[in-house]
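Breakdown of the fold
Given next are the chains, with one letter for each unit.
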Amino acid sequence: MSRYRPPRAAGTPLITPQGEARLRAELHELWHVRRPEVTRSVSEAAAQGDRSENAEYTYGKKMLREIDSRVRFLTKRLEKLKVVDSRPSDPDKVYFGAWVTVEDEDGVEARYRIVGPDELDLKQNLISIDSPLARALVGKGLDAEVRVQTPTGDKYWYIVAIDYP
């Protein structure tokens, strides 16, 4: 049985200016801060002698591979991303970057911002434009009803408010 898994689709190449700044800050941190520290610790561990039984050397090399992999990913991803920093021509409809307040059938309200897949953070109520809820919301106006198929069945939400930062 093979362990091969096809690469994950990169998702929509859109990002907000704040999301791009976060990715660039992560890239800078990895390349200019973390990598030099790990490189220094690997060279110190290598100077101790026998590398085959040196746990610090082995762990440091593993960390370098992980950092280099993430740096490669971020560099390629940032080249492909399109920063969306303008408001849509029709601010009364839901588009990328919008804060949308929705109400479910029980009257419970929730507020989400539609962002790119690289910015997804449910703790901050940031949902990906590729998510089923965001796909259902995009293009709809105030008081529209949206239906989303969930594993527990269809759910309905009503758009209560739309804001653009």
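Residues numbered from 1 in each chain as written. Predicted model: local features only at pLDDT ≥ 70, side-chain atom pairs only at ≥ 80, totals over all residues. Heavy atoms only, no water.

**Points about the domain arrangement of the protein**
Partitioning the protein into domains gives domain 1 (14–83) and domain 2 (93–163). Between the C-alpha centres of domain 1 and domain 2 the distance comes to 35 Å. Counting the contacts that link domain 1 with domain 2 gives 2 salt bridges. We note a salt bridge from Arg22 to Glu119, for which the minimum N-O separation is 3.9 Å. Those elements giving two or more residues to the side of domain 1 that touches domain 2 turn out to be strand E1 (14–15), helix H1 (17–46) and helix H2 (55–80). Per-class residue counts for the side of domain 1 that touches domain 2 are 5 nonpolar, 3 polar and 2 charged. (Domains from an automatic or database assignment. Salt bridge = Lys/Arg side-chain N within 4 Å of Asp/Glu carboxyl O. Helix = DSSP H or I, 4+ residues; strand = E, 2+ residues; numbered from the N terminus. Nonpolar A, V, L, I, M, F, W, Y, C, P; charged D, E, K, R; others polar.)

**Overview of the UniProt feature "domain: Transcription elongation factor GreA/GreB C-terminal" (unreviewed entry) in the protein**
The feature "domain: Transcription elongation factor GreA/GreB C-terminal" (unreviewed entry), as given by UniProt, occupies residues 91–164 in the numbering adopted here. Helix makes up 8% of residues 91–164 and strand 45%, and the two end C-alpha atoms of the span are 7 Å apart. (UniProt positions renumbered as here; feature names shortened; annotations may be inferred.)

**Focus: the environment of Asp85**
For Asp85, the location among the structural elements is in the loop between strand E2 (82–83) and strand E3 (99–104). It is 23 Å that separates the C-alpha atoms of Asp85 and Phe73, two residues lying 12 residues apart in sequence.

**Describing the side chain of Thr16**
The topology assignment puts Thr16 in the loop between E1 and H1. Classification of Thr16 as buried rests on a relative accessible area of 1%. Within the local environment of Thr16, its side chain forms a polar contact with the side chain of Glu119, the two groups lying 2.3 Å apart. Residues contacting Thr16, with those up to four places away along its chain left out, are Val83, Val84, Phe96, Arg113, Val115 and Glu119. (Buried < 20%, exposed > 50% of the residue type's maximum accessible area, 1.4 Å probe, protein only. Polar contact = N/O pair within 3.5 Å; in protein donor to acceptor, adjacent residues only side chain to side chain. Contact = heavy atoms within 4.5 Å.)

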